[in-house]
Amino acid sequence: MPVGLVLLAGLLLFTLATVSFRDPERHAVLDGRRRGSRCICAVSILALAHFVQRAMVELQEKIAQVSEGNLDVAVSFAKRNDEMETSAATSTT
(Lines give C-alpha, C1' and ligand atoms only; values in the text may rest on other atoms or scores of the structure.)
Protein backbone atom coordinates (compact mmCIF):
# COMPACT_ATOMS: atom_id res chain seq x y z
CA MET A 1 0.00 0.00 0.00
CA PRO A 2 2.70 2.62 0.82
CA VAL A 3 4.47 1.94 -2.47
CA GLY A 4 1.24 2.58 -4.32
CA LEU A 5 0.80 5.88 -2.52
CA VAL A 6 4.35 6.94 -3.38
CA LEU A 7 3.80 6.05 -7.03
CA LEU A 8 0.48 7.88 -7.11
CA ALA A 9 2.04 10.96 -5.50
CA GLY A 10 4.87 10.84 -8.03
CA LEU A 11 2.41 10.64 -10.90
CA LEU A 12 0.46 13.60 -9.52
CA LEU A 13 3.66 15.62 -9.07
CA PHE A 14 4.79 14.76 -12.59
CA THR A 15 1.43 15.83 -14.02
CA LEU A 16 1.52 19.13 -12.13
CA ALA A 17 5.10 19.76 -13.23
CA THR A 18 4.42 19.20 -16.89
CA VAL A 19 1.21 21.19 -16.98
CA SER A 20 1.54 24.18 -14.70
CA PHE A 21 5.21 25.11 -14.18
CA ARG A 22 7.47 27.18 -16.40
CA ASP A 23 10.61 25.63 -17.87
CA PRO A 24 13.11 26.28 -15.00
CA GLU A 25 10.58 25.19 -12.38
CA ARG A 26 9.60 22.15 -14.44
CA HIS A 27 13.21 21.06 -14.71
CA ALA A 28 13.75 21.45 -10.96
CA VAL A 29 10.70 19.31 -10.18
CA LEU A 30 11.67 16.66 -12.71
CA ASP A 31 15.24 16.57 -11.37
CA GLY A 32 13.90 16.08 -7.84
CA ARG A 33 11.64 13.29 -9.04
CA ARG A 34 14.53 11.63 -10.83
CA ARG A 35 16.74 11.78 -7.72
CA GLY A 36 13.94 10.49 -5.52
CA SER A 37 13.20 7.53 -7.77
CA ARG A 38 16.89 6.63 -7.89
CA CYS A 39 17.09 6.74 -4.09
CA ILE A 40 14.01 4.53 -3.73
CA CYS A 41 15.45 2.00 -6.20
CA ALA A 42 18.85 1.98 -4.48
CA VAL A 43 17.36 1.43 -1.03
CA SER A 44 15.08 -1.33 -2.34
CA ILE A 45 17.97 -3.14 -4.05
CA LEU A 46 20.20 -2.88 -0.97
CA ALA A 47 17.46 -4.16 1.35
CA LEU A 48 16.65 -7.11 -0.92
CA ALA A 49 20.34 -7.95 -1.32
CA HIS A 50 20.81 -7.92 2.46
CA PHE A 51 17.88 -10.24 3.17
CA VAL A 52 18.70 -12.65 0.34
CA GLN A 53 22.39 -12.78 1.27
CA ARG A 54 21.59 -13.45 4.93
CA ALA A 55 19.32 -16.36 3.98
CA MET A 56 21.88 -17.78 1.55
CA VAL A 57 24.70 -17.66 4.13
CA GLU A 58 22.50 -19.46 6.66
CA LEU A 59 21.55 -22.06 4.05
CA GLN A 60 25.21 -22.69 3.20
CA GLU A 61 26.04 -23.17 6.89
CA LYS A 62 23.18 -25.66 7.31
CA ILE A 63 24.21 -27.57 4.20
CA ALA A 64 27.73 -27.86 5.62
CA GLN A 65 26.28 -29.26 8.86
CA VAL A 66 24.20 -31.82 6.94
CA SER A 67 27.26 -32.87 4.92
CA GLU A 68 29.05 -33.50 8.24
CA GLY A 69 26.29 -35.92 9.22
CA ASN A 70 24.03 -33.73 11.38
CA LEU A 71 20.55 -34.40 10.01
CA ASP A 72 18.70 -32.45 12.72
CA VAL A 73 19.37 -28.97 11.31
CA ALA A 74 16.73 -26.53 10.19
CA VAL A 75 16.93 -23.08 8.68
CA SER A 76 15.27 -20.22 10.51
CA PHE A 77 13.15 -19.26 7.50
CA ALA A 78 11.66 -22.78 7.26
CA LYS A 79 9.03 -22.01 9.91
CA ARG A 80 7.53 -18.93 8.37
CA ASN A 81 3.86 -18.12 8.63
CA ASP A 82 2.79 -17.04 5.16
CA GLU A 83 0.86 -18.20 2.12
CA MET A 84 3.58 -20.56 0.90
CA GLU A 85 3.68 -22.48 4.17
CA THR A 86 -0.11 -22.61 4.37
CA SER A 87 -0.54 -23.88 0.82
CA ALA A 88 2.22 -26.48 1.24
CA ALA A 89 0.64 -27.76 4.47
CA THR A 90 -2.80 -28.08 2.93
CA SER A 91 -1.52 -29.82 -0.20
CA THR A 92 0.31 -32.52 1.78
CA THR A 93 -2.67 -33.39 4.02
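Only a predicted model underlies this, so the values are computations on that prediction, with no experimental measurement involved.

Chemist: Report on the overall build of the protein, specifying residues and quantitative values.
Modeler: The secondary structure content of the protein amounts to three helices and zero strands. Secondary structure elements of the protein, listed N to C terminal, follow the sequence α-α-α. Scored against the burial criterion, the 93 residues of the protein give a buried share of 5%. Of the roughly 8,000 Å² of accessible surface on the protein, 66% is carried by carbon and sulfur atoms.

Chemist: Describe a nonpolar patch on the surface, listing the residues and the values that go with them.
Modeler: Taken together, the side chains of Val-52, Met-56, Leu-59, Ile-63 and Phe-77 define a hydrophobic patch exposed on the protein surface, amounting to about 430 Å² of accessible area. Topologically, Met-56 is positioned in helix 2 (residues 23-67).

Chemist: So what about the environment of Gln-60? Which residues, and what values?
Modeler: Relative to the elements of secondary structure, Gln-60 occurs in helix 2. Separated by 15 residues in the primary sequence, Gln-60 and Val-75 place their C-alpha atoms 9.9 Å from one another.

Chemist: Could you give me a rundown of the pattern of salt bridges, with the residues and numbers involved?
Modeler: Taken as a whole and judged by the stated rule, the model has one salt bridge. One salt bridge connects Asp-31 with Arg-34, and the closest N-O pair in it is separated by 2.6 Å. Residue Asp-31 and its partner Arg-34 are located together in helix 2, separated by three residues, close to a single helical turn. Asp-31 gets classed as partly exposed once you look at its relative accessible area, which sits at 28%. Looking at Arg-34, the relative accessible area reads 36%, which means it is partly exposed.

Chemist: Describe the layout of surface pockets, naming the residues involved and giving the relevant values.
Modeler: A volume near 240 Å³ is recorded for the largest pocket. Around the largest pocket, the lining residues are Val-3, Val-6, Leu-7, Gly-10, Leu-11, Leu-13, Arg-33, Gly-36, Ser-37, Ile-40 and Ser-44. Among the elements of the structure, helix 1 (2-20) and helix 2 are those that each provide at least two residues to the lining of the largest pocket. Among the elements that make up the lining of the largest pocket, the one with the highest residue count is helix 1 (six residues).

Thresholds, definitions, all that
- Residues numbered from 1 in each chain as written.
- Predicted model: local features only at pLDDT ≥ 70, side-chain atom pairs only at ≥ 80, totals over all residues.
- Heavy atoms only, no water.
- Helix = DSSP H or I, 4+ residues; strand = E, 2+ residues; numbered from the N terminus.
- Buried < 20%, exposed > 50% of the residue type's maximum accessible area, 1.4 Å probe, protein only.
- Areas by Shrake-Rupley, 256 points an atom, 1.4 Å probe, with all protein chains shown as cover.
- Patch = residues over 30% accessible without salt bridge, like charges linked within 9 Å, V, L, I, M, F, W, Y side chains within 5 Å.
- Salt bridge = Lys/Arg side-chain N within 4 Å of Asp/Glu carboxyl O.
- 1 Å grid on protein atoms, 1.4 Å probe; cavity = no way out; pocket = protein on both sides within 12 Å on 5 of 7 lines; lining within 4 Å.
- Points joined across faces, edges and corners; volume = space filled by probe spheres on them.

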